[in-house]
Amino acid sequence: MELKFFDTYDRRVREFLPLEQNKVKMYACGPTVYDYAHIGNLRTYLFEDILKRTLLLNGYDVEHVINITDVGHLVSDGDDGEDKMELGSKRSGMDAWELAQFFTDAFQADLRKLNILPPDIWCKATDHISEQIDFVKELEAKGFTYRLTDGIYFDSQKLKNYGHLARLDIDGLQEGARVEKGERRFLTDFALWKFSPEGETRQMEWESPWGKGFPGWHIECSAMSAKFLGDYFDIHCGGEDHIPVHHTNEIAQTEAARGTRLANFWMHGYFLRLKDDKMSKSSGSFITLQTILDYGFDPLVYRYFLLGSHYRTQISFSWEGLEAAQTSLSRLYELAFEWGAPGEIHRPTLEAIHRDLNDDLAMPKALASLWQMVKSDLDPSQKKATLLEFDKVLGLGIEHWTPQTVNIPAEVEKLVKDRSRARKGKQWQKADEIRDKISSLGYNIKDEGDLTKIVPK
Ligand code: AMP
Ligand code: ZN
C-alpha cells in the first residue's frame, strides 16, 4: 500500500520510500532539559510516535534517535541571552548537570506514561562536544564561518539555498535587519560556537580551537544525526516552531559541510495552544502531564485526546475536550472488554484504517473508520481482533485493560461529602484543606459539574 507524507521541504504530500531497503532512519529534535516538558511538547513526541508506529505497521525497521539538548539553547533564537540550562540552574538551585539529569528522567517518564515507544538511541549534546567541534572545523575549512567578539558564526549568505525549508524572504529580511542583527554580518547568521563571557566561568564550558566556550544549539543536531544516522537519512522531525530557525540552520550546516539537505523528508507537528495563548516553556505558565494526572485523568486519555486531531492542525487544549476524550476512551475500553477473545481480523476495516494512516497519518479518519466498525453488527470477536491490530498504532493498551472496581474507604467518602458542603457554602479555604487531606490519603478528586469523582492516585 502506498505511503505518503507531507514534506515541509517540498511543501507537498509525496510518496515515502526508504533510502535503504526496508529500513527507515528517523531523527527527532529532543527536549531542552531545563524544565518539565509541557503538554504541547508532548504532542510533538506523540506525533512522532504515530509516525514511527505507522512505519512499523508497514513492515519497516525503524532506527529512531532523539537528542537531549542539555547545553547551548539560548533564551533568544537570535543567539543572545542566557543559556536556558544555566538560567534553570540558578532558578532551581541544582547545578546544570543535575538539572539536565533530573529533567531528562522526568521527560522519559512522561513518554513512558503516554505509551510513546522509546527511541533506539538517546544522545546528549554534552556527550558529543568533540563531534560538534569537528563539524565547526569542517565549516571553517570550507569558508562558511567568521569570528565575532562573542563566538564563531555561520555565514548564511555564502549558502545559495539558505532558508529554503522555511521559504525565507531573504531580500525582505535584509531591509529590516540593520537594528536586530547586532554585530552579525546578516540577520540569519547564527552561532556555531559561543565563547564563555569574559571573566565568567560557566558551569558547562569546553576548550576549543577558537577559545573556551560551548556549542551553538543547531550544531548538536547536525553533528549527532550524522554520527548516528549518516549525512542523509530518511526523516527528520520536530515541532513547527523549528522550521524557520533551528531546522533551517541544521540544513544550512549540513549542506555547507556535507552537501546534503540532511533528510529526505522534513516533518513537523503543529502546536498545541492554550485557548488563545501559545504554550511555551519559557513563559512559565504551562500545563504538564502531571497537572493532567493531578486532575484525575489517566495519561492515555491525553493520548486519545491528541489522536482526535491531525498532526498538521493546531489545536487548543481544553479540559472539556479532555473530558470528551475520557468518555469515548472509557467506552472503547469497556466495549473491547465485553467483546471477549479476539477472532479473525475484519480485513476491509483494517485496510481502510491502514489506508488512512498511510495518507499522511490521517488519524481522525482512521478513528472514524474504527467507530463505524464499533457500531456495526460485525461479530464481536472480529471487532476485537481488528481493534487490537489497530492498537499497535493507537497505543492505548486495549489488550490489558480491565474494569477497575475500587473500594473507596468510608473516611474518604465522608471527607468528599464534607468538601461538597463546604463548596456549596462558598467556604473555599476549608474545601481546599479537605482536598489536601483526601490527597494525603491517596486519592484525587475531580469535580464534574455537580458530581465529584474520586480517583486513586
Ligand atoms: P524544546 O524542549 O522547547 O526544545 O521543545 C521540544 C519539542 O517540542 C520541539 O520539537 C518543539 O518544536 C516542540 N514544541 C514546543 N512547543 C510546542 C507546542 N506548544 N506544541 C507542540 N509542540 C511544541
Ligand atoms: Zn534539532
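Residues numbered from 1 in each chain as written. Chains lettered and ligands numbered in written order. Predicted model: local features only at pLDDT ≥ 70, side-chain atom pairs only at ≥ 80, totals over all residues. Heavy atoms only, no water.

Thoughts on the coordination of the zinc ion (ligand 2)
Ideal geometry at a metal gives 109.5 degrees between four tetrahedral donors and either 90 or 180 degrees between six octahedral ones.
In step 1: Ligation of the zinc ion (ligand 2) by protein atoms is provided by C29 (SG), C221 (SG), H246 (NE2) and E250 (OE), these donors lying 2.1 to 2.4 Å from the ion.
In step 2: Coordination at the zinc ion (ligand 2) comes from four donor atoms whose angles at the metal span 76 to 131°, giving a geometry best classed as irregular.
In step 3: Mapped onto the sequence, the residues coordinating the zinc ion (ligand 2) show the spacing C-x191-C-x24-H-x3-E. Here C29, found in the loop between β3 (23-28) and α1 (39-57), pairs with E250, found in helix α7 (residues 243-258); they are 221 residues apart in sequence, far enough to count as distant. E250 matches C29 in its accessibility class, with the two residues each being buried. (Donors = N, O, S within 2.8 Å, 3.2 Å for Na, K, Ca; no water. Tetrahedral: all angles 85-135°; square planar, octahedral: opposite > 155°, others 65-115°. Helix = DSSP H or I, 4+ residues; strand = E, 2+ residues; numbered from the N terminus. Buried < 20%, exposed > 50% of the residue type's maximum accessible area, 1.4 Å probe, protein only.)

Here's the deal with the nonpolar core
In step 1: Core analysis: the largest hydrophobic core is formed by 68 residues, its most contacted members being F5, L55, I235, M267, Y302, M363 and L370.
In step 2: Examining the composition of this core, we find that eight residues originate from one element, α1, more than from any other.
In step 3: Counting only domains with at least three residues in this core, you end up with domain 1 (4-269) and domain 2 (277-400).
In step 4: Membership of the second largest hydrophobic core comes to 43 residues, among which are C29, L139, F190 and L262. (Core = buried A, V, L, I, M, F, W, Y, C linked by side-chain atoms within 4.5 Å. Domains from an automatic or database assignment.)

A word on helix α13 (residues 380-394)
Quick reminder: α-helices carry 3.6 residues per turn. Residues three or four places apart thus point the same way.
In step 1: Counted at 1.5 Å a residue, the expected span for α13 with its 15 residues is 21 Å, and the 19 Å between its end C-alpha atoms agrees.
In step 2: Summarising burial for α13: 11 of the 15 residues are buried, a large majority.
In step 3: Those residues of α13 not exposed but buried are K383, K384, A385, T386, L387, L388, E389, F390, D391, V393 and L394.
In step 4: Where α13 is buried, its residues touch α1, α9 (299-307), α10 (319-338), α11 (347-358) and α12 (363-375).
In step 5: Just downstream of α13, G395 is the residue with a positive phi angle, here 65°. (Expected span 1.5 Å × (residues − 1). Contact = heavy atoms within 4.5 Å.)

Focus: the sheet that holds strand β6 (residues 145-148)
In step 1: Pairing is antiparallel across the open sheet formed by four strands, whose spatial order is β6-β7-β8-β9. At either margin of the open sheet sits one strand with a lone partner, and together these are β6 and β9 (213-215). The sheet shows a mean angle of 25° between the axes of neighbouring strands, taken without regard to direction.
In step 2: Pairing between β6 and strand β7 (residues 151-154): four bridges, direction antiparallel. Across the sheet, Y146 pairs through a bridge with Y153, a residue of β7. (Pairing = 2+ DSSP bridges. Axes fitted to C-alpha atoms, helices over the stretch in contact; angles between N-to-C directions.)

A word on the domain arrangement of the chain
In step 1: Annotation of the chain at the domain level lists domain 1 (4-269), domain 2 (277-400) and domain 3 (410-456).
In step 2: Once you take the C-alpha centre of each, domain 1 and domain 3 turn out to be 46 Å apart.

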